[in-house]
Structure formats: structure tokens, C-alpha cells
Amino acid sequence: MIYSVFSRTAGTVLLLLLRPKVEGKANIPAEGPFILASNHLSFADSFALSPVVHRRLVYLARSEYFELPGRFGRLIRWGLFALGNVPVRRGPTRAAVRALEQIATVLDAGGGVAIYPEGSRSPDGRIYRGRTGVAWLAMASGAKVIPVAIGETDRIIPLGTWRPRLSVRPTIRIGEPMDFTRYRDLPPGRARRVITDEVMDAICKLSDRERVGTYNPRADEE
């Protein structure tokens, strides 16, 4: 109920404010589980992406967003949980695996999940090496992965600021679904790495951003 109200009201407002330029929206399936995997430039990414999908999305969200102090923090925490978002802590911890297990239930129920494989917002606009959580979800659920390239959101809300620049229009390019069931016979660790690299390759092909062969340093700092 809460999500339906949000999508009809806030989603419409966001579309009017941000005016995203979208390509490939037909690649989002009308039904069944799917995983959106996108590059990550700004806090505005999810607000630009969600309204154009037209299906409910559950995000893996930074745990820090659930721990903001004061009344504003409590409001944010309530909203995130009300919309079904799942907090995840950075680093190779059991807590991160539990978050993946929790969000995998959304896929088991035929829903949609969104994840940023880089682990955090890019510090310089380039696309960094992907973490293997996206592959873990794909292997656990059998759901197809849909690569997404987001652009210009780092100009809407640059790192270190919270005031949006609404004169900038974000771009969203949605690629064709990727099926990774052919890797089920590979050792799990190897399969996760191969799948993640293929997903990041697809994101880069959709984007005009430079590719970096190392992990995002901000993902381990936050």
C-alpha cells in the first residue's frame, strides 16, 4: 500500500522534476524476477531510476542511511523500511551475506531488485570493478540481470552536497537481460567473478564513462 502511494505520487513528481532521458525501457520484464545492476554516481541515482521502471524495486541500501540521527534520520529509516529496502554493511562480512539472503526472497517471489555492484558512489565518475553480490543473487535465484548505465546524476547531486541541480537531466540506458544459468557448473567463486565482470562489461558498453580495473576505494571507507 505504501509503495503504491509512493509510486503514484512521489514517482510522478520525480519524473517531472528530473525529466530523465531513458533508453531501453522495454528491456524491463512485465513480470517475473529481475536484477537491475547499475553504475553508481550519486545519491540521486535511485530517485532517477525507480520512477522509470514501472515495477516495484527493492534496493540494497547502505546501512548508514538507516542510522542517521534525529527526527530526520528516523523519518528516513521508516521510509526505507516501509518501501522494503534492505540495509547492507560494507566489507566481506556475514552481515552482508545475510542482507543478500534477505533480498533474494524478493526474487523468489517474482519481484525486482536493484543493486550497485561498485559498492558505493564513484568518487570521480569512472566505473570501478564490481563486487560479486550481483552474481551471488543471480546464481541463487536464477533471475536475469539487466545492466543499467546512469549518467549526469553526479552533476545533479555532486559528492559532498545535498542541494540538487534540477537544470541537469539524467540519462538512463537499460540493456538487454543477461542469463547466467550457463555458469552453474563452474565453482561458485569462479562463477561469481566471471558473472560480475560480464555485468560490468555490459554496463560500460551502455555508458560513456571510463572503466577502472580496481575496486572503488570509497566502498571500504564508508
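Preceding block: the structure.
Sequence order as written defines the numbering, with residues in each chain counted from 1. Per-residue local features of the predicted model are confined to residues with pLDDT of at least 70, and side-chain atom pairs are confined, for both listing and counting, to 80 or more; whole-chain, interface and lining totals are unaffected and use all residues. Side-chain descriptors were evaluated using all non-hydrogen atoms of the structure, hydrogens and water having been removed beforehand.

Further remarks concern the environment of Pro217. Each helix corresponds to a stretch of at least 4 residues labelled H or I by DSSP, and each strand to a stretch of at least 2 residues labelled E; elements are numbered beginning at the N terminus. Turning to its location among the elements, Pro217 is positioned in the loop between β9 (211–215) and α8 (218–221). Here the term buried applies to any residue with accessible area under 20% of the maximum for its type, exposed to any over 50%, and partly exposed to those in between, with areas from a 1.4 Å probe on protein chains only. Among the residues examined, Pro217 registers a relative accessible area of 39% and is labelled partly exposed. A C-alpha to C-alpha distance of 9.6 Å links Pro217 and Glu118, two positions 99 residues apart in sequence.

A word on the side chain of Glu118. With respect to the helices and strands, the residue Glu118 is situated in the loop between β5 (112–115) and β6 (127–129). Of the side chains with opposite charge, Arg211 comes closest to the buried, unpaired Glu118, at an N-O distance of 7.9 Å. Polar side-chain contacts of Glu118 include one of 3.0 Å to the backbone nitrogen of His40. Residues adjacent in sequence count toward polar contacts only when both atoms are side-chain atoms; beyond that, a polar contact is any pair of N or O atoms within 3.5 Å, and within protein one must be able to donate a hydrogen and the other to accept it. Reaching out from Glu118, the side chain makes a polar contact with the backbone nitrogen of Tyr128 at a distance of 2.7 Å. Just so you know, the count uses Lys and Arg for positive and Asp and Glu for negative, and it drops His and the chain ends. The salt bridge definition used is simple: a Lys or Arg side-chain nitrogen within 4 Å of an Asp or Glu carboxyl oxygen.

Quick look at the pairing of β5 now. Going residue by residue along β5, you find Gly112 and Ala114 tucked away on one face and Val113 and Ile115 tucked away on the opposite face as well. Bridging between strand β2 (residues 34–38) and β5 involves four bridges; their strand directions are parallel. By the bridge assignment for β5, Ile35 is matched with Val113. DSSP calls a pair of strands paired once it identifies at least 2 bridges connecting them.

This part covers helix α2 (residues 45–53). Turn by turn, an α-helix covers 3.6 residues, leaving residues three or four places apart pointing in a common direction. Most of α2 is tucked away: seven of the nine residues are buried. Positioned one or two residues after α2, His54 has a phi angle of 65°, which is positive.

Each packed pair of helices is defined by two parameters, the angle between the axes and the distance between the axes. Two numbers describe how helix α5 (residues 133–141) lies on helix α7 (residues 188–206): the axes approach to 8 Å, and their chain directions differ by 115°. With respect to their mutual orientation, α5 and α7 come out roughly perpendicular. Pair α5 / α7 crosses with right-handed handedness. Residues Val134, Ala135, Trp136 and Met139 of α5 pack against Pro188, Ala191, Arg192, Ile195 and Thr196 of α7. The nonpolar class holds Ala, Val, Leu, Ile, Met, Phe, Trp, Tyr, Cys and Pro. Asp, Glu, Lys and Arg form the charged class, and all remaining residues, Gly among them, are polar. The residue makeup of the contact of α5 with α7, split by class, is seven nonpolar, one polar and one charged. To get an axis, a line is fitted to the C-alpha atoms, and for a helix only the part in contact is used. The angle between two axes follows their N-to-C directions and goes from 0 to 180 degrees. In this scheme, roughly parallel covers angles under 35 degrees and roughly antiparallel covers those over 145, while 65 to 115 is roughly perpendicular and the rest are oblique. Two helices that cross are described as forming a left-handed crossing if the nearer one is turned anticlockwise from the farther one by less than a right angle, and a right-handed crossing if clockwise. Throughout, a residue-residue contact means that at least one pair of heavy atoms, one from each residue, lies within 4.5 Å.

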